[in-house]
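# Remarks on the overall topology
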Amino acid sequence: MNRRRGLDFRRAGGRRKISNVVWWVLSAIVVTLFILILSKATQIEPRPSIPERRYRHEKLVEGMNMTEEMLSPTSFARQVNDQIALAKAFVVIAKESKNLQFAWDLSAQIRNSQLLLSTAVASRRPLTVLDSEPTIRDMAVLLYQAQQLHYDSATMIMRLKATIQSLEGQMSSVTEKSAKYAQIAAEEVPKSLYCLGVRLTTEWFQNSELQGKLTERSYAVASKLTDNSLYHFCVFSDNIVATSVVVNSTALNTKAPEKVVFHLVTNEINYAAMKAWFAMNMDNLRGVTVEVQKFEDFKWLNASYVPVLKQLQDSDTQSYYFSGHNDDGRTPIKFRNPKYLSMLNHLRFYIPEVFPTLKKMVFLDDDVVVQKDLSALFSIDLNRNVNGAVETCMETFHRYHKYLNYSHPLIRSHFDPDACGWAFGMNVFDLVEWRKRNVTGIYHYWQEKNVDRTLWKLGTLPPGLLTFYGLTEALESSWHVLGLGYANVDARVIDKGAVLHFNGNLKPWLKIGMEKYKPLWEKYVDYSHPLMQQCNFH
């Protein structure tokens, strides 16, 4: 037993010695690593950040009107300059707040501070406490007063934001009113035009000789009205003077006036006046044939066949165009122009029905001027398309997505939003292809789908884009120059144009028309005509 205990004691003592050695070895390693890390850290050189900044400051100072004295941390000149800059801002704010007395006090103190600086510069010595203390103190009092008046930056930012919002609201209101007044001016029938219509109507019913003259002429040219070897043009309008300009300008610029036939369609109100005007002036048309009709005589034009007629008779539709109260005024006024209720505006989709025997027709709006011979239009190959038109997609806003509601699944699934738009106003129609492809039926389909005005809102161009989608042949751009009623058009483009279109609100017969383009239209108006003079056309 005693031997065993001695052996165990010796073993325990040996274990303690080994553990002590291990501990000392580990401590030596840790100390060595610490010394190495410390020596490496002492070898790292500091980055030259201060010299770089000083260099940048030196370069900055070179381009400024600054002196060493102003750069000093104890510079009185810099303190005065800072006060002047802040005071100038407060002067503006004080004037804006109608506090003119305080603005005057600040301005006076600014002048005193500037005088102090200029005196120091002239004497070539830095400002001292004795020189600057009264001025700095007086200005400090005023600046503190400005802060008490809530002229501090945070308050002024809030006030400026409120002012900007108020101005934006006023601008929005003024813009809306301006748009309304412009639209009213554009829809106005000038007194002179109304006067002419009344006088012509009176002349027609009182002058049996004039009626007989037109009847005789109609018999003589009856065969021309259906002759497909001639050049047939149609205009649908209730504006006598505008229509006469279209006819006159075409007659004067065509090479073969005897082959030109104009088919004019108007309404009951202007029918007698339109007939009287062209009966009185047919000798000035160089042999151009003119036919005048009224759409009320078209027996097929009824609500059972024409969807838009049925819609126009609807009280909600009439309220939409005339009252504007059924959608809280969300729809812009231009979408509510009552001209879109006129059947004359929709008659362009029924040209084959209006002229059942004709094969090709050039459609002209009444706000165009023709300044080139248009006979070549009738020999253009439309490549089995129905509509020949000048495209207007030079800019992105004239593509299909501009005119149609692509949030509607019916539009989104049938039409490419980036498809190129085109213009009504001068269009070549192949009436044979039109009938073959039942284009009027296509128009009816889309018009019925838009009874709630969710596919499009404005006018006849959107349904035209849908109706003639994939059926339109692009014409050379000089055939139809647009924009003379709302935009600036390059003079070279105008000079090359065959048909000039005064599309937009600024029609040339209105006072608001663009003055620089009016002469292009007015040279085809006979201001010497007795009735024109009696109605103060000038």
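Residues numbered from 1 in each chain as written. Predicted model: local features only at pLDDT ≥ 70, side-chain atom pairs only at ≥ 80, totals over all residues. Heavy atoms only, no water.

### Notes on the pattern of salt bridges
Applying the stated rule across the entire model yields ten salt bridges. Close ionic contact of Arg-137 with Glu-133 constitutes a salt bridge, the shortest N to O distance being 3.9 Å. Linking Arg-137 with Glu-133, this pair stays in helix α6 (residues 129-148), spanning four residues, or about one helical turn. A relative accessible area of 45% places Arg-137 in the partly exposed class. Across the pair Asp-365 and Arg-348 runs a salt bridge, and its minimum N-O distance is 3.5 Å. In this pair, Asp-365 is assigned in the loop between β4 (360-364) and β5 (368-370) and Arg-348 in the loop between α14 (343-346) and α15 (351-354), connecting sequence segments 17 residues apart. Asp-365 gets classed as buried once you look at its relative accessible area, which sits at 14%. Taken together, the shared-partner salt bridges connect Glu-268, Lys-294 and Asp-297 into one network. (Salt bridge = Lys/Arg side-chain N within 4 Å of Asp/Glu carboxyl O. Helix = DSSP H or I, 4+ residues; strand = E, 2+ residues; numbered from the N terminus. Buried < 20%, exposed > 50% of the residue type's maximum accessible area, 1.4 Å probe, protein only.)

### Some thoughts on the packing of aromatic side chains
A complete count under the given rule lists 23 aromatic pairs for this structure. Seen from their ring centres, Phe-429 and Trp-434 are 5.2 Å apart, and the 75° between their planes marks the pair as edge-to-face. Judged by its relative accessible area of 0%, Phe-429 is buried. Residue classification places Trp-434 among the buried residues on the basis of a relative accessible area of 1%. (Phe/Tyr/Trp six-rings, centres within 6.5 Å; stacked < 30°, edge-to-face > 60°.)

### Remarks on the nonpolar core
Core analysis: the biggest nonpolar cluster contains 62 residues, and Leu-196, Phe-233, Phe-262, Leu-364 and Leu-377 have the highest contact counts within it. Broken down by element, the residue count for this core peaks at eight residues, all from helix α11 (residues 268-281). Other than its neighbours up to four places away in sequence, Phe-262 contacts Phe-233, Val-235, Val-246, Val-247, Thr-250, Val-288, Thr-289, Val-290, Glu-291 and Leu-364. By size, the runner-up hydrophobic cluster in this structure holds 45 residues, among which are Met-343, Phe-349, Tyr-400 and Phe-415. (Core = buried A, V, L, I, M, F, W, Y, C linked by side-chain atoms within 4.5 Å. Contact = heavy atoms within 4.5 Å.)

### Considering the state of the cysteines
The term disulfide refers to a covalent linkage connecting the sulfur atoms of a pair of cysteines. Applying the stated rule across the entire model yields two disulfides. The disulfide bridge from Cys-195 ends at Cys-535, spanning 2.1 Å between sulfur atoms. Across the S-S bond linking Cys-195 and Cys-535, the dihedral sits near -70°, which makes this disulfide left-handed. Of this pair, Cys-195 sits in helix α8 (residues 191-206) while Cys-535 sits in the segment after α23 (530-534), and the two are 340 residues apart along the sequence. Like Cys-195, the residue Cys-535 is buried in the burial classification. Shown here is the disulfide that connects Cys-393 with Cys-420, its sulfur atoms set 1.8 Å apart. Classification of the bridge connecting Cys-393 and Cys-420 rests on its S-S torsion, roughly -90°, and on that basis the disulfide is left-handed. Here the residue Cys-393 occupies a position in the loop between β6 (387-389) and α16 (400-403), and Cys-420 occupies one in the loop between α17 (409-414) and β7 (426-430), the gap between them amounting to 27 residues. Cys-420 gets classed as buried once you look at its relative accessible area, which sits at 18%. Here the cysteine-cysteine linkages of the chain are recorded as 1-4, 2-3, numbering only bonded cysteines and doing so in sequence order. (Disulfide = S-S within 2.5 Å.)

### Description of the pairing of strand β3 (residues 289-294)
Within β3, five of the six residues are buried, leaving the element largely enclosed by the surrounding structure. Following the chain from strand β2 (residues 260-266) across α11 to the adjacent parallel β3, one finds a crossover that is right-handed. (Right-handed = clockwise from strand over helix to strand, strands pointing away.)

### What about the environment of Ser-75?
Considering the arrangement of structural elements, one finds Ser-75 in the loop between α3 (68-71) and α4 (76-96). The spatial distance from the C-alpha of Ser-75 to the C-alpha of Thr-128 is 8.8 Å, given a sequence separation of 53 residues. A polar side-chain atom of Ser-75 sits 3.4 Å from the main-chain amide nitrogen of Ala-77. At 3.1 Å, the side chain of Ser-75 and the backbone nitrogen of Arg-78 are in polar contact. (Polar contact = N/O pair within 3.5 Å; in protein donor to acceptor, adjacent residues only side chain to side chain.)

### Topic: the sheet that holds strand β1 (residues 231-236)
Taking strand neighbours across the sheet as the criterion, the seven strands line up as β3-β2-β1-β4-β7-β6-β8 in an open arrangement whose pairing is mixed. Strands with a single pairing partner mark the edges of an open sheet, and in this sheet they are β3 and β8 (472-474). Recorded for the sheet is a direction-independent mean angle of 25° between the axes of neighbouring strands. Alignment of β6 against β8, held across three bridges, turns out to be parallel. When the bridges of β8 are listed, Ala-389 appears paired with Ala-474. The strands that helix α10 (residues 240-253) touches are β1, β2, β3 and β4; relative to β2, the one it contacts most, it runs at about 175°. (Pairing = 2+ DSSP bridges. Axes fitted to C-alpha atoms, helices over the stretch in contact; angles between N-to-C directions.)

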